[in-house]
Amino acid sequence: MNSNLKKLSVCAIFIALSTVLSEIIPSIPMPFGGSVTFFSMVPVCLIAILFDLKWGILANLVYGGIQLMFGANNLSYATWWGAAVAIILFDYIIAYTVLGFSGIFKKAIKNKVLAAVLGVIFVCFLRYLCHFITGVTVWREVADLWGAIWYSITYNATYMIPEIIITPLGVYLLVESSAVKKIHEAI
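Reading guide: rules and limits
Residues numbered from 1 in each chain as written. Predicted model: local features only at pLDDT ≥ 70, side-chain atom pairs only at ≥ 80, totals over all residues. Heavy atoms only, no water. Helix = DSSP H or I, 4+ residues; strand = E, 2+ residues; numbered from the N terminus. Contact = heavy atoms within 4.5 Å. Patch = residues over 30% accessible without salt bridge, like charges linked within 9 Å, V, L, I, M, F, W, Y side chains within 5 Å. Areas by Shrake-Rupley, 256 points an atom, 1.4 Å probe, with all protein chains shown as cover. Salt bridge = Lys/Arg side-chain N within 4 Å of Asp/Glu carboxyl O. Buried < 20%, exposed > 50% of the residue type's maximum accessible area, 1.4 Å probe, protein only. Polar contact = N/O pair within 3.5 Å; in protein donor to acceptor, adjacent residues only side chain to side chain. Phe/Tyr/Trp six-rings, centres within 6.5 Å; stacked < 30°, edge-to-face > 60°.

A.B. asks: Any details on the environment of Ile 149? Residues and values, ideally.
C.D. replies: By secondary structure assignment, the location of Ile 149 is in helix α6 (residues 145-176). Distance in space between the C-alpha atoms of Ile 149 and Gly 71 is 23 Å, their sequence separation being 78 residues. In this structure, Ile 149 is in contact with Phe 132 and Val 136, ignoring residues within four places of it in sequence.

Below, the structure is given as structure tokens:
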């Protein structure tokens with residue numbers, strides 16, 4: 001089978017697995033969007049670690065679109081068109097696409113486990129930054145700027161800090177156990 005077709009198949013399976021882990025497996029939902037999930041970002045982060053940034057970015061762009069479909073009701077928090085655009089871009093499209101950079105340290109750091117874990121921590125912080133931007137944009141209309149900034153920092157931290165801990169842990173366990181190597185060899 002063609003190598004690109006195998007990679008595409010793995011990407012589709014990993015996107016589906018991440019979707020199931022984020023939407024079907026019980027999680028801890030937050031009242032104004034966001035939730036603590038159980039390893040839901042691990043499969044889509046593994047795409048960039050297994051293959052390269054191109055595959056990771058494109059697959060996570062698709063995943064962001066899927067997450068947008070499931071979370072479209074969060075657009076109800078937008079009080080003006082700029083907030084709606086921020087929600088679409090920074091809570092979904094960009095926030096999940098950045099997960100495709102998980103393999104960013106793959107060539108720079110020889111230790112594959114360390115490279116994978118640092119890459120995942122990096123992209124989780126990028127995702128947190130995206131949600132922070134949305135929070136400030138949305139809540140700026142109902143609070144002063146500093147109130148919106150502090151609210152966005154703390155609210156998004158309540159679910160992103162656990163995700164920043166859970167996701168690298170899941171990647172560490174899979175990369176350390178050689179599960180990722182076996183998948184890569186099968187392709």
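A.B. asks: I'd love a proper account of a nonpolar patch on the surface, names of residues and values included.
C.D. replies: Together, Val 20, Ile 24, Ile 25, Ile 28, Phe 38, Phe 39, Leu 169, Tyr 172 and Leu 173 make up an exposed nonpolar region whose accessible area comes to about 780 Å². If you tally residues by element for the nonpolar patch, the top one is α6, at three residues. Tracing the chain through its elements places Tyr 172 in helix α6. Overall, Tyr 172 belongs to the partly exposed group, its relative accessible area being 37%.

A.B. asks: Explain the environment of Tyr 159 to me, using residue names and the numbers behind them.
C.D. replies: Relative to the assigned elements, Tyr 159 resides in helix α6. Between the C-alpha atom of Tyr 159 and that of Pro 43, which follows or precedes it by 116 residues, the distance is 19 Å. Side chain to side chain, Tyr 159 and Asn 156 meet in a polar contact 2.8 Å long.

A.B. asks: Please set out the side chain of Asn 156 residue by residue, giving values where relevant.
C.D. replies: With respect to the helices, strands and loops of the structure, Asn 156 is situated in helix α6. By relative accessible area, Asn 156 is classed as buried at 5%. Not counting residues up to four positions away in its chain, the partners in contact with Asn 156 are Tyr 128, His 131 and Phe 132.

A.B. asks: An account of the packing of aromatic side chains is needed here, citing residue identities and associated values.
C.D. replies: A full pass over the atoms with the stated rule returns eight aromatic pairs. Ring centres 6.1 Å apart and planes at 65° place the aromatic pair Phe 105 and Phe 122 in the edge-to-face group. One end of the pair, Phe 105, is in the loop between α4 (81-97) and α5 (112-139); the other, Phe 122, is in helix α5, with 17 residues separating them in the sequence. Under the relative-accessibility criterion, Phe 122 is labelled partly exposed at 33%. With 5.6 Å between their ring centres and 75° between their planes, Trp 139 and Tyr 151 make a pair best called edge-to-face. One end of the pair, Trp 139, is in helix α5; the other, Tyr 151, is in helix α6, with twelve residues separating them in the sequence. Taken together, the ring pairs connect Tyr 77, Trp 139, Tyr 151, Tyr 155 and Tyr 159 into an aromatic cluster.

A.B. asks: Can you lay out the environment of Trp 146 for me, pointing to particular residues and giving the numbers?
C.D. replies: By the element assignment, Trp 146 lies in helix α6. For Trp 146, a relative accessible area of 57% translates into the label exposed. Placed 30 residues apart in sequence, Trp 146 and Ala 116 show a C-alpha to C-alpha distance of 35 Å.

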